[in-house]
Amino acid sequence: MRTRYYERDAFPPAVAELRRAYRVFVPVRRGDFHAFAEWDDSVRPDFDYRKTRVPPKGLVFPQSERLLVFSTDERDPEHDILREAPKDFPPQAVVGIRPYDAMAFRVLEVNFDTPEVRDPWWLRRREATTLIGLARADEDATMFRTENYAGPFDERGLDVIVYDLGRGYLAKALGEKGEAALAAMGGDEPAADALREVEERIARAATPELPAGRLRAQPAAPELPTGRLRAQPVVPLFEAEFWDEVAAPCLNCGVCTFLCPTCWCFDIQDEVRKQEGDRIRNWDSCMFPLYTLHASGHNPRGKKTQRVRNRFMHKLKYYLDKYDRGVMCVGCGRCVEACPVNIDIREVAARMNGFGEQVERHDR
Amino acid sequence: MIARDRNPYLPYPVRIEEIITETGDHSLKTFKLVFLDPADEARFAFLPGQFAEISVAGKGEIPIGIASSPTEKGYLLFTVQKMGVVTSHLHSMRPGDRLGLRGPLGNWYPWERMEGRNVVIIGGGCAFSTLRSSIVYMTDPSRRPKFKRLTAVYGARCLSLLLYSDRLDEWKGEKSGIDMHVTVDAMQESEPRTPRWQCHVGFVPAVVKEKIKDPTDAIVILCGPPAMLKFTLPVLKEAGFADGQIYLSLENRMKCGIGMCGRCNVGGKLVCKDGPVFSLAELGELPRET
């Protein structure tokens, strides 16, 4: 297992070394927010960022992607026959990704890589991607822990974890992709027990002896209350009375789904310019009525409450039941932050989780 | 099912061989499709109840049940109602035009359970397509011995809206191997065609009540508009059919057809991948949102 140490100023140049072999994506400041952007000469990485507004999901699952191409020109012998859009999948490194955004790819993968069918574009792009994560205890007040996000040092979704130690960075490779990336970055051999010391300090972070700082969040983000959801029968939860109340303020703006690192819904549309056509995949949102509208006019989720309910049920119940790998949420808090009417997944999870209990309390 | 190593979004190229206008109001046409590459036919091995995404380049895709039977070789049939963007364009197309076809998709009627049993088929309106596939499949001389009594009830609003008139004549014949009951909601005064066989007048549930009385060792497969299902299911239950004996085919808006795009879910189940065929027992465990 390769480890490397970088003085604070030496880290960006080491990352720049990766550009020889990878397309490198880094956090950059964009106005009041941060975003991941390809590191070319026009951008300056900002590894002190806390959270990007839009998650880096699109680097593997683009917001808009041409899937197939065709010609509608009848003089073309291949007219109206769809074929794969030619494209390549060069190695790409996402440097500075936070552990929750990296875990989101693990949440997403069960949808695109299944025992029966596999999404070729997701697979190839995911395979070409190396995730070099930035670990620092700087969770904000909208964040929380779930089965799929154990905190700012969660290394499960990463190929390299880079601990921010203040004066410098300590990087540890996790698997083959990470070894290759760290080898390309160069850097110094760390002191003999540097890694052990960091890991011990993180393990001790729950105890008061460690002062708050880059290795200890103060306070630590709370757990999303989901412990009883697995045992909740689905139909009563679906029919619970609180859904109308939860959905009442919703404006159907869809920002919760647009900013979610674990939302995967998409639409497919054809576009033709002159006689050259593309079949394109775009992110979609379950918050929009059009998403489920039948050609006949019937809509199984025509009402706002039905759509809000489906979103939370999918994230916190259907996904949990179907895959048995936790809820479909990594606790990034973007939906909490961006919702214009303050619908808060933590409150909704608490209501769902406590659903049976509430009834019991009323009975007493 | 699509092979796992194949790009599941890439349609097989097909050619429209023939277009049959099924109904007097021209709202339903059956498209006979032939693969441009004959080898694709073997890759498209399917069972009745499955569907495919028909692709019109430049317009998009639509999920449509397969109306032909695996025993009908060399072509596929799809009956399409003119309704939205893609279907309207499809209705304006001509023999020789090219389409794409992705599939077969979804699950199928419970063929393993149906073998050796009595089978009841109930259909209404344009939803009869996968049931046509099923009846042709079961009454094929090579497969008919595998099933016991076959009974079908098929209804439409009027005679001119009945699908597959050529096959109806055959199924109403004495040697068809199936007891076929056809009904129309009302008999119009100026029907363009008068069937050679007896046709009931009345709604599907009424005919089911009269003709389907024995749940013993039977499986029911049904597909039809919501109103037909709403009034037919209680009739079946009253006759003693259990939820586990009744299978329905659902539909929902779909895009990918392979369980990825997310929109066709009913609770935690996806109509495109876990369905479209569900037993009434399975549906009872799902949230009601269709």
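Structure first, text after, so check above.
Keep in mind that this is a model prediction, so the values were computed, not measured. (Residues numbered from 1 in each chain as written. Chains lettered and ligands numbered in written order. Predicted model: local features only at pLDDT ≥ 70, side-chain atom pairs only at ≥ 80, totals over all residues. Heavy atoms only, no water.)

Caption draft 1: Seen up close, the packing of helix H6 (residues 204-211) of chain B against helix H7 (residues 226-238) of chain B. Residues and elements named next belong to chain B. With their axes 8 Å apart at the nearest point, H6 and H7 run at an angle of 15° to one another. For the element pair H6 / H7, the angle class is roughly parallel. The handedness of the crossing between H6 and H7 is right-handed. Note on element contacts: H7 touches H6 through Met228, Phe231, Thr232, Val235, Leu236 and Glu238, opposite Val204, Pro205, Val208 and Lys209. Partitioned by chemical class, the residues of the contact of H6 with H7 number 7 nonpolar, 1 polar and 2 charged. (Axes fitted to C-alpha atoms, helices over the stretch in contact; angles between N-to-C directions. Helix = DSSP H or I, 4+ residues; strand = E, 2+ residues; numbered from the N terminus. Parallel < 35°, antiparallel > 145°, perpendicular 65-115°, else oblique. Left-handed = near helix turned anticlockwise from the far one by under 90°. Contact = heavy atoms within 4.5 Å. Nonpolar A, V, L, I, M, F, W, Y, C, P; charged D, E, K, R; others polar.)

Caption draft 2: Geometry of the side chain of A:Asn299. All names here are of chain A. Within the element layout of this structure, Asn299 appears in the loop between strand S11 (276-283) and helix H9 (304-323). Reaching out from Asn299, the side chain makes a polar contact with the backbone oxygen of Pro289 at a distance of 3.0 Å. Excluding residues that lie within four positions of it along the chain, Asn299 makes contacts with Pro289, Thr292 and Leu293. (Polar contact = N/O pair within 3.5 Å; in protein donor to acceptor, adjacent residues only side chain to side chain.)

Caption draft 3: Structural detail: the packing of aromatic side chains. Applying the stated criterion across every chain yields a total of 28 aromatic pairs over all chains. Centroid distance A:Phe242 to A:Phe355: 6.0 Å. Interplanar angle 75°. Geometry classified as edge-to-face. With A:Phe242 in helix H7 (residues 242-247) and A:Phe355 in helix H12 (residues 355-363), this residue pair connects regions lying 113 residues apart in the sequence. Comparing A:Phe242 with A:Phe355 shows no difference in burial state: the two are buried. Ring plane angle 55° and centroid distance 4.9 Å describe the contact between A:Tyr319 and A:Tyr323, whose orientation is recorded as tilted. Of this pair, A:Tyr319 and A:Tyr323 both sit in helix H9, separated by 4 residues, roughly a single helical turn. Each residue in the set A:Phe61, A:Phe105, A:Phe112, A:Trp121, A:Trp122, A:Phe258, A:Phe266, A:Trp283 and B:Tyr9 is aromatic and connected to the rest through ring pairs, giving one cluster. Taking NZ or CZ as reference, A:Arg309 lies 3.5 Å from the ring centre of A:Phe238, over its face. Sitting over the ring of A:Phe312, A:Arg311 keeps its end group 4.9 Å from the ring centre. (Phe/Tyr/Trp six-rings, centres within 6.5 Å; stacked < 30°, edge-to-face > 60°. Buried < 20%, exposed > 50% of the residue type's maximum accessible area, 1.4 Å probe, protein only. Lys NZ or Arg CZ within 6 Å of the ring centre and 35° of its normal.)

Caption draft 4: Examining the interface of chain B and chain A more closely. With 43 residues of chain B at the contact, the number on the chain A side is 50 residues. Summed over both partners, the interface of chain B with chain A comes to about 3800 Å²; 55% of that surface belongs to carbon and sulfur atoms. Considering only the surface of chain B that becomes buried against chain A, B:Arg4, B:Arg98 and B:Met260 emerge as the three largest contributors, covering 19% of it. For the interface between chain B and chain A, the tally reads 7 salt bridges. For A:Asp113, the salt bridge identified is with B:Arg4, shortest N-O distance 3.5 Å. At the boundary of chain B and chain A, one finds 31 residue pairs in polar contact (both at pLDDT 80 or more). At the level of elements, strand S3 (51-56) and strand S4 (60-65) of chain B are the ones that each hand at least two residues to the side of chain B that touches chain A. (Buried area = accessible area lost by both parts, 1.4 Å probe. Salt bridge = Lys/Arg side-chain N within 4 Å of Asp/Glu carboxyl O.)

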